[in-house]
Amino acid sequence: MIIFETGKISENIYMLGHPVSPMYLVDGQQPIVIDTGFTFMTDIYLKDLKQTLGNRRPAYCLITHAHFDHCGSTAGLKKHFPDMQVAVSELARTILLRPSVIKTIRNLNQSVGSMCHDLGIQVPNPRVFEPFDIDITLCEGDVLRPSDQLSIQALETPGHTWDMLTFYLPEQRMLFASEVLGIPDATGYIEVSCLVDYDQHVASMKKLVDLDIDFICLGHRGVYTGLDVAPYVEKAMGDFNDFYKTVCRFLAEENGDINRVMQRVREYEYDPKPKPRHPELAYLLNLEARVKVIAKKIYNSAHE
Ligand SMILES: [Zn+2]
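As the structure is a computational prediction, the values presented were derived from the model and not from experiment.

A. Spatial organisation of unusual backbone geometry. Positive phi, close to 50 degrees, is recorded for serine 178, a residue that is not glycine. When you line up the elements, serine 178 lands in strand E12 (residues 174-178). One non-glycine residue, asparagine 255, adopts positive backbone phi at about 50 degrees. Counting through the fold element by element, asparagine 255 comes out in the loop between helix H8 (229-253) and helix H9 (258-269).

Now the structure itself:
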């Protein structure tokens, strides 16, 4: 099954907000939320949390990586739930202390403010991204327990970013994959966004695929379950490989001109795609990094 609506995913697990910008909730005596999406979603998450938890409060907020669309509502949530412990990787903590990063995250969230119309979401008050305090840092193998029956394991999975954590819930064979296994667009094409290191990203994908998985909760655009898990993973790997080969060919044909390669990629990968799609500014920032990572890999392979 492919779940593309908010609500219950399985026993004690929920998708809140909107499938394009989801916040996942693992309920228990110590409820845990995973990722806090766009800043404009803050009030929607708060409403959904209240509906699911009543007067109870999230105990932990785990953030997979320091990108604007994964930590956008953290400050708003923390204001509402001051006892909630915010947890990120050690590297994400360092990154989120930089004023230039806060400025970029704020600008990117500002740039997607109008996206709420595309998503059919009514936002009561416009919000501006604010920095937030980090209470805990997590590394490979750390475990949090939302209840006696459930555990959430942190996995270090660099490649999309260096600070990337994914989370695995072994009792339900559920993976919160963030962006490591790609994000499907409205046509079914899966964009695997490797922004910092090609080989590390491939290793991270393999590490996740080797887990026992019945549910893949993506960082955007849905949850794949049961018989839909294996085909999703296979397509993600295939589309990633095709992207790699296409960029290699474009780089050769354009004599390494990154801007020309970016133009040719967006002409097939972005321009013809229906909305809601990746916000343009973020897409272009990512695309430049994705092309450069492959150019670097080709250069390194040639000089080994
Ligand atoms: Zn990201």
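Let us keep going from here.
B. Broad picture of the packing of aromatic side chains. This model, assessed by the stated rule, comprises 8 aromatic pairs. Over the aromatic face of phenylalanine 243 sits the side chain of arginine 290, whose NZ or CZ is 4.1 Å from the ring centroid.

C. Region of the structure containing the side chain of aspartate 69. Secondary-structure assignment places aspartate 69 in helix H2 (residues 68-71). Among the polar contacts made by the side chain of aspartate 69, one reaches the side chain of histidine 220 at a distance of 3.1 Å.

D. Representation of the sheet that holds strand E9 (residues 143-144) within the structure. Taken in spatial order, the 7 strands make up an open sheet running E1-E16-E15-E12-E11-E10-E9, and their pairing is mixed. A single partner strand is all that each edge strand has here, and the edge strands are strand E1 (2-3) and E9. Direction of pairing for E12 relative to strand E15 (residues 215-218): parallel, over a ladder of 4 bridges. Bridge pairing links phenylalanine 176 to cysteine 217 in E15.

Analysis parameters
- Residues numbered from 1 in each chain as written.
- Predicted model: local features only at pLDDT ≥ 70, side-chain atom pairs only at ≥ 80, totals over all residues.
- Heavy atoms only, no water.
- Helix = DSSP H or I, 4+ residues; strand = E, 2+ residues; numbered from the N terminus.
- Phe/Tyr/Trp six-rings, centres within 6.5 Å; stacked < 30°, edge-to-face > 60°.
- Lys NZ or Arg CZ within 6 Å of the ring centre and 35° of its normal.
- Polar contact = N/O pair within 3.5 Å; in protein donor to acceptor, adjacent residues only side chain to side chain.
- Pairing = 2+ DSSP bridges.

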